[in-house]
Amino acid sequence: MALGLNNLGTSIHSRFERTGDLQDIAEAISMKRRAADLTPVGDPNMASRLANLGHSLRSRFERTGDLQDHAEAISAEQRALELTPDGHPEMAERLAGLGTSHWSRFEHTGDLQDLAEAISAEQRALELTPDGHPEMAERLAGLGTSHWSRFEHTGDLQDLAEAISAEQRALELTPDGHPDMASRLAGLGSSLRSRFERTGDLQDIAQAISMKQRALELTSEGDPNMAMRLANLGSSLRSRYERTGDLQDLAEAISAEQRALELTPKGHPDMASRLAGLGTSLWSHFERTGDLQDLAEATSAEQRALEVTPEGHPDMALRLANLGSSLRSRFDRTGDLQGLAEAISAHQRALELTPEGNPAMASRLAGLDSSLWSRFERTGDLQDLAEAISAEQRALELTPEGHPDMALRLNGLGTLIHSRFERTGDLQDIVEAISMKRRVVDLTPDDHPDMAWRLANLGSSLRLRFECIGDLQVIAEAISRQRLALKLTPEGHPEMDVRLSNLGASLLSRFKRTRDLQDLSEAISMEQRALELTPEGHPDMALRLSKLAFSFQSRFLHTGDIHDFTEALSKYRTSANYTFGPPDIRLKAAKRWARLLEEHNPGSPDILTAFDTALRLTTMTTTLDQVLENRYSRLVDTSGIALQAASAAFALDRADKALEWLEQGRCLVWRQLTSLRTPLDDLRRHDGRLADRFLELSKRLEGAGSVRIAARSAMSMSEKTSLEDQARDHLRSASQWDDLLAEIRATPGFERFLDPSPWYSILPYLPKAGHVIIINVDARRCDAIMLSAGRSTPHHIPLTSFSLAKCNQYRKDLTNHLQAHDYRERGSTVAMAPERGDEFRGVRKLNHATVQEILRGLWKDLVKPIIQELGIEKMAPSSSTSAGAPRIWWCPTGPLSFLPVHAAGIYTREGVDCVLDYAVSSYTPTIAALTDRVSSARPIQKMVSGLFMTCQPNAPGRSHIPGTMTEVQSIYNLATENGLRAERFDESAITPTICLDSMERFSSIHLACHAYQDATTPLESRFLFHNGSLDLLAILQRNLKHADLAFLSACQTGTGSEKLPDEAVHLAAGMLAAGYRRVVATMWAIRDQHAPAVATDFYQYIVDHKDPTYASGFDGTHSARALHHATQELRSRLRKCNNSDRSLLAWIPYVHFGY
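This is a predicted model, so every value here is computed, not measured. (Residues numbered from 1 in each chain as written. Predicted model: local features only at pLDDT ≥ 70, side-chain atom pairs only at ≥ 80, totals over all residues. Heavy atoms only, no water.)

## Quick look at the overall build of the protein chain
The condition is simple: Segments assigned H or I by DSSP are reported as helices when at least four residues long, segments assigned E as strands when at least two residues long, and all are numbered from the N terminus. The accessible surface values rely on the Shrake-Rupley method and a 1.4 Å probe; as for residues, cover is taken only from the protein chains in view.
Assigned secondary structure in the protein chain consists of 46 helices and 16 strands. In terms of overall dimensions, the protein chain has a C-alpha envelope of 125 × 75 × 60 Å along the principal axes. As presented, the protein chain carries roughly 46,500 Å² of accessible surface, and 49% of it is formed by carbon and sulfur atoms.

Structure (structure tokens):
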């Protein structure tokens, strides 16, 4: 019975090998199991029946990938081998079978131990096989396959040499007509292809393809190996295409791989590799032709391949790397940042799964650096560039001399260093990049399809070097290399437009040096052809248009030809308004468009259109998908556009437009943060679902945006992958936010939801009494706009005597004074002894304007003309702190934001004439920040009305400020004596969390402490406590719906970033964004000996003027007047100092923000 079952199982197994029918192999295994079970222990046939069972189990595993089958196969074969005595004629066959099983399991798990055992068993089997034995060829082929697999995994050329030697001998021993001839040819072909990829020898790939074609011819229709052989032929044809660029090879590869896929049944363990192979070929076809359909199909195939690859499969890393490359290509063609984030994540995961020593490590590193570089090119994030360079350097180190990929690695690293030079200007970088790219060209065979690309890259680096050193020999070489690259680029190649554009750029560079119009005309011709070849919707279209516009502009400036002027304007306009491509490229085009009009057609109304476009694009460069740190760094490059636009509007007598632009183009990030915290009462009444979704996304984006950019150089790959996952979630949330906004704005009544308000819509919400003054400071002119309740239009006040140059000089001089007088932090103290004259102040030695001179200049050229235009009369000395003093809200721009406009005046021993004698001053970052508080004014609820205060005299690492204790004690006594609801915590009695809880319970707060302002990441600006610190993000995340007054008795809480003067990057603006209606802050350090008195006078005024019907409540409505009074009191106490610079610096820093 056992013998019959075993024989029948063997026959059915043979049928399975012909048909691939899984029912047959299941039946064969069932019969062989029964045969083994029926064979008694000690029976001499037990070993052969176990070996037969193992063979069938292995065959089913190779068809289904079920590792349980494989484990049973190896177990059965090992038992069979143990039962086989030395010298037994079946020993070699049993060893060979066990070796094959170990190899199969290695293919599925990647465990090199299995492969080592496979090779050991197969070598022993071969040693036991006598010459002339009919199984000799099969055993040689098996050993060759195992050596080839190990080479693929380790890169050891000795394994590859042994694989080819064994497979060649196997082929020689296989007679024509033998059923295994096809598999012998296919096996040797695969090894020869591997040698080609290692050495670049075209003879090897030609032989490999020839053998695989012959193997395919010998494979009958219906043979289960047909799909595998088609796939193998396809991969070899693709390898040759990558070396020769012959599209016929690639077309045949795709055809073969498509047929292989059709023949692969669903669920087959090779399905993933078939999909991946086809995806790679389609991607290569896209790279050559630019056909987006190819890219879409490639990405789809690679995504499907990844889905059907089980976790732990040794090819998982390869699948991820391939998908990453396709996603990056899609980004390069469409600008899809979400896809690029997925590409980087895929490459990082691929690297995590690639063991050290794997020969694919270098290519995986290179794949990651390409995606990181693409993102750097789009976002300018230097961390991406640094990480890309690090990855490519490692890839280069892992690439042995003589490897065909050496040129590719050098080119990649050279390109990255070239990019770093563009960002940093370090000449050593461009020298190094050129050196690498020269080696690349030297290593590239003349007939290599990448020669054109590599020549063009070298030309681009040479051009950059020429632009630095001006050596005409260098630009001549650049142009020569680029002309050759263009000549080598076939018509229809997707890189043709890039080659033309780069050559045009080099010709333009030479023209700038030589003024040879022939170069410029040729540059324009090249750029026009490049533009014609750039497909509609391509992200480079805006750049091509802008480059061509610049060339036309250059020729117009040289010849005065009005046609060139018109063409330049047209191309700049089209570039700026193009739908696709990076917004910073389009913004640059809009700025040049506006500038060209201003300089050569200053009366054109198109100037307004150009600046409108520029302001719209500015907001697009700092979107919610970026962390705050990146948003602020990008704004550095666009700083001042709103001021330039307003200046142009004033010149065209359009004060209304100037006001609109100054509102829309400044404080962009704070406006975004405020938008995330918009009250949703109206929306919730209309659609609660939309309101809830808005709130959820707002919180998510606020948290994601505030993440600090950490240095990634010391991170593990898993940490970097986790970071990328967070970045991808951030991008997804930002995209969902855009979709949600579109949905809300499609709702009747919400069409302008979160849009910047038009200028006329803010006028009804101006304060009922007083004036709002926004001052624009630009290189061409300075102007002010006056807004007052009851006026229907903005009132324009030209400031003809003021200038940007004066403003910058005052700013510089004031900074020098602050340093000279040691106004760095509250704890610093300087004796306020009477001063006899300037010669004793240590100021004249500094060789710049005194503080008095700065304030006099601000008064005479800036503030006095505005006061006169307002028609405000000087108050009598006795009424200078009266409740009836006029209010002025100052909204300065640019460097004026750092100057004390509120203190402008003439200060001498003989007398004083200053702003404080005419009005009570406040500041506002934007007009909307003020009108929002007016429109949302509401009574403070009794249950929260009150004052919470804390003093922190001993923050770790900071100077001791004992005055804070006196200050808070005085305020607390004042509050309690007057029946006000008040609470205080001092030093270690409070933590940041307790403080936040108290801020929710009290409408007003007083913080007497040290503060730290973080201009890079403003949400990390913080107040320093004895136990920890309270950062702005934590404050923003609380629901401070009853917030009224914040008195920040700390240093520099109202001073912004010099690089971003119009972004209000300071704690006072942050507290306004958190919901406080009014904030008392400081422009620079305050003296610890003065602060207690200022604070006490401030609160005494509020107590004296509080609503008598509101006995225990606390209301900051009179806070601006209170601060005016308190500073006047300090001035009186310092009067003996005769308005010396030191005394002025003591009272001036106190400022009021808000309503």
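Text resumes after the structure shown.
## Side note on the pattern of salt bridges
Between side chains of opposite charge, pairing is possible as soon as their charged atoms come close. Filter applied, for reference: Salt bridges, as used here, are contacts in which a Lys or Arg side-chain nitrogen is within 4 Å of a carboxyl oxygen on Asp or Glu. Throughout, exposure labels follow a simple rule: accessible area from a 1.4 Å probe, protein chains only, divided by the maximum for the residue type, with under 20% read as buried, over 50% as exposed, and the rest as partly exposed.
This model, assessed by the stated rule, comprises 60 salt bridges. Where Asp69 meets Arg60, a salt bridge forms, and the shortest distance between an N and an O atom there is 2.7 Å. Take Asp69: its relative accessible area is 4%, and that puts it in the buried class. Put simply, Arg780 and Asp778 hold a salt bridge, and the shortest N to O gap is 2.9 Å. Judged by relative accessible area, Arg780 falls into the partly exposed class, the value being 44%. On the basis of relative accessible area, Asp778 is assigned to the buried category, the value being 7%. Residues joined by salt bridges that share partners form a network here, namely Lys864, Lys874, Asp913 and Asp917.

## Concerning the pairing of strand 8 (residues 947-951)
It is a general feature of regular strands that their side chains alternate between the two faces of the sheet. Quick reminder of the rule: A pair of strands counts as paired when DSSP detects no fewer than two bridges linking them.
Counting buried positions along strand 8 yields five of five residues, so the element is predominantly enclosed. Along strand 8, one buried face is formed by Leu947, Met949 and Cys951 and the opposite face, lined by Phe948 and Thr950, is buried too. As judged from the five bridges shared by strand 8 and strand 10 (residues 1004-1008), these two strands associate in the parallel manner. Directly across from Met949, in strand 10, lies its bridge partner His1006.

## Observations regarding the confidence of the model for the protein chain
Counted only if it meets this: One number per residue, pLDDT, summarises how confident the predictor is, and it ranges from 0 to 100. The contact criterion used throughout is that any non-hydrogen atoms of two residues lie within 4.5 Å.
With 96% of its residues at a pLDDT of 70 or more, the protein chain has an overall mean of 90. Segment residues 828-846 is flagged for pLDDT under 50; beyond a separation of four residues in sequence, or across chains, it makes 40 contacts in the model.

## A word on empty space enclosed by the protein
As a reminder of what qualifies: Space inside and on the surface of the protein is sampled on a 1 Å grid over the protein atoms alone, with a cavity defined as a set of points where a 1.4 Å probe fits but cannot get out and a pocket as an open set with protein on both sides within 12 Å along at least 5 of 7 lines; lining residues have an atom within 4 Å of a point. Grid points are joined across faces, edges and corners, and a volume is the space filled by probe spheres set on the points.
This model, assessed by the stated rule, comprises four cavities of 30 Å³ or more. When its volume is computed, the largest cavity comes out at roughly 230 Å³. Lining the largest cavity are 23 residues, with Pro892, Ser897, Pro1061, His1066 and Phe1153 sitting closest to its centre. Only strand 4 (887-892) and strand 16 (1150-1154) provide two or more residues apiece to the lining of the largest cavity. Top element by residues in the lining of the largest cavity is strand 4. It accounts for three residues.

## Considerations on the packing of aromatic side chains
Filter applied, for reference: Only rings of Phe, Tyr and Trp enter the pairing, Trp through its six-membered ring, and a pair is recorded when the two centres are within 6.5 Å. The plane angle decides the type: under 30 degrees is stacked, over 60 is edge-to-face, the rest tilted. A ring is considered to have a charge above it if a Lys NZ or an Arg CZ atom is located within 6 Å of its centre and within 35 degrees of its normal.
Using the criterion set out here, one finds 17 aromatic pairs in the structure. Measuring from ring centre to ring centre gives 5.8 Å for Trp759 and Tyr760, while their planes differ by 80 degrees; the resulting arrangement is edge-to-face. Centroid distance Phe948 to Phe1002: 6.2 Å. Interplanar angle 40 degrees. Geometry classified as tilted. With Phe948 in strand 8 and Phe1002 in the loop between helix 41 (992-1001) and strand 10, this residue pair connects regions lying 54 residues apart in the sequence. Exposure class is identical for Phe948 and Phe1002. Each is buried. Three or more aromatic residues link up through ring pairs in this structure, and these residues are Phe694, Trp737, Phe750 and Phe753. It is Arg811 that lies over the ring of Phe898; its NZ or CZ is 4.1 Å from the centre. Over the aromatic face of Tyr972 sits the side chain of Arg984, whose NZ or CZ is 5.7 Å from the ring centroid.

## Observations concerning the pairing of strand 4
In terms of burial, strand 4 is largely enclosed, as six of its six residues are buried. Neither face of strand 4 is left uncovered, since the one carrying Arg887, Trp889 and Cys891 and the one carrying Ile888, Trp890 and Pro892 both have all their residues buried. Here strand 1 (residues 771-777) pairs with strand 4 via five bridges, running parallel. Counted as the bridge partner of His771 is Ile888 from strand 4. The sheet contact formed by strand 4 and strand 7 (residues 920-923) spans four bridges and is parallel.

## A short note on the state of the cysteines
Counted only if it meets this: Two cysteine sulfur atoms make up a disulfide if the distance between them is within 2.5 Å.
In the structure shown here, the tally under the stated rule is zero disulfides. No disulfide involves Cys891; its sulfur sits 7.3 Å from the nearest other cysteine sulfur, which is in Cys667. With no disulfide of its own, Cys1009 lies 8.5 Å from the sulfur of Cys995, the closest cysteine sulfur.

## What to know about the side chain of Arg198
Going by this rule: The convention is simple: Lys and Arg are positive, Asp and Glu are negative, and His and the chain ends are not counted.
Following the sequence through the fold, Arg198 ends up in helix 9 (residues 181-199). Buried within the structure, Arg198 lacks any salt-bridge partner; Asp405 is the closest side chain of opposite charge, at an N-O distance of 8.7 Å. Once residues within four sequence positions are removed from consideration, Arg198 is found in contact with Phe151, Leu157, Pro400, Gly402, His403 and Pro404.

## Topic: the packing of helix 9 against helix 10 (residues 202-217)
Note the threshold: Only the contacting stretch of a helix is used when fitting its axis, a line to C-alpha atoms as for every element, and angles between N-to-C directions run 0 to 180 degrees. Put simply, angles under 35 degrees are roughly parallel, angles over 145 are roughly antiparallel, angles from 65 to 115 are roughly perpendicular, and the rest are oblique. In this scheme, a crossing is called left-handed if the near helix is turned counterclockwise away from the far one by less than a right angle; it is called right-handed if the turn is clockwise. Gly is put with the polar residues, along with every residue not named as nonpolar or charged; the nonpolar set is Ala, Val, Leu, Ile, Met, Phe, Trp, Tyr, Cys and Pro, and the charged set is Asp, Glu, Lys and Arg.
Orientation of helix 9 relative to helix 10, taken along the N-to-C sense of each, is 160 degrees, at an axis distance of 8 Å. Considering the angle they form, helix 9 stands roughly antiparallel to helix 10. When the axes of helix 9 and helix 10 are compared, the crossing they make is left-handed. Across from Ala182, Leu185, Ala186, Leu188, Gly189, Ser190, Leu192, Arg193, Arg195, Phe196 and Thr199 in helix 9, the residues of helix 10 making contact are Leu202, Asp204, Ile205, Gln207, Ala208, Met211, Lys212, Arg214 and Ala215. By residue class, the composition of the contact of helix 9 with helix 10 is eleven nonpolar, four polar and five charged.

## Structural notes on helix 23 (residues 496-514)
Quick note on the threshold: A helix is expected to span 1.5 Å for every residue after the first.
The terminal C-alpha atoms of helix 23 lie 27 Å apart, and with 19 residues this matches the ideal 27 Å at 1.5 Å per residue to within 8%. With 14 of 19 residues buried, helix 23 lies mostly within the body of the structure. Just beyond helix 23, the residue with positive phi is Arg515, at close to 60 degrees.

## Brief notes about the sheet that holds strand 13 (residues 1029-1031)
The strand order across the open sheet formed by three strands is 11-12-13, and the pairing between neighbours is antiparallel. What marks the edges here is a single partner per strand, and that holds for strand 11 (1010-1012) and strand 13. Neighbour to neighbour, the strand axes of the sheet diverge by 25 degrees on average, direction disregarded. Pairing geometry for strand 12 (residues 1022-1024) and strand 13, over three bridges, is antiparallel. From the neighbouring strand, Arg1022 faces strand 13, where its bridge partner is Asp1031.

## Structural notes on the packing of helix 27 (residues 583-600) against helix 28 (residues 606-621)
Pairs of packed helices are described in terms of their axes, by the angle between the two and the distance that separates them. Running from N to C, helix 27 and helix 28 point in directions that differ by 160 degrees, and their axes come no closer than 8 Å. Considering the angle they form, helix 27 stands roughly antiparallel to helix 28. Crossing of helix 27 against helix 28: the hand is left-handed. For the pair helix 27 and helix 28, contact is made by Pro583, Asp584, Arg586, Leu587, Ala590, Trp593, Ala594, Leu597 and Glu598 and by Asp606, Ile607, Thr609, Ala610, Phe611, Thr613, Ala614, Leu617, Thr618, Met620 and Thr621, respectively.

## Things to note about the environment of Leu503
Among the structural elements, Leu503 can be located in helix 23. Take Leu503: its relative accessible area is 0%, and that puts it in the buried class. Distance in space between the C-alpha atoms of Leu503 and Asp584 is 23 Å, their sequence separation being 81 residues. When neighbours within four sequence positions are excluded, Leu503 is seen to be in contact with Ile479, Gln482, Arg483, Leu486 and Met526.

## Digging into helix 41
To be explicit about the condition: Directions are taken from the helix axis to each C-beta atom, and the arc is the one they span.
Of all the positions in helix 41, only Pro992, Cys995, Leu996, Ser998 and Met999 are classed as buried. Buried residues in helix 41, looked at end-on, bunch into an arc of 160 degrees, giving them a common side.

## Section: the side chain of Asp656
Keep this limit in mind: For the purposes of these results, a polar contact is taken to be a pair of N or O atoms within 3.5 Å, where, inside protein, one atom must be able to donate a hydrogen and its partner to accept one; residues adjacent in sequence count only when each atom of the pair is a side-chain atom.
Along the chain, Asp656 falls in helix 31 (residues 655-664). Within the local environment of Asp656, its side chain forms a polar contact with the side chain of Arg654, the two groups lying 3.0 Å apart. Other than its neighbours up to four places away in sequence, Asp656 contacts Trp759 and Pro794.

## Section: the environment of Ser59
By the secondary structure assignment, Ser59 is in helix 3 (residues 46-64). Here the alpha-carbon distance between Ser59 and Ser733, two residues 674 residues apart in the chain, equals 48 Å. Other than its neighbours up to four places away in sequence, Ser59 contacts His13, Phe16, Glu17 and Ile25.

## Some points on unusual backbone geometry
The phi torsion at Cys667 lies on the positive side, around 50 degrees, for a residue other than glycine. You can see Cys667 is positioned in the loop between helix 31 and helix 32 (668-675). For Cys667, a relative accessible area of 5% translates into the label buried. Despite not being glycine, Glu987 has its phi angle at roughly 45 degrees, a positive value. Within the secondary structure, Glu987 sits in the loop between strand 9 (982-986) and helix 41. On the accessibility criterion, Glu987 (22% relative accessible area) is partly exposed.

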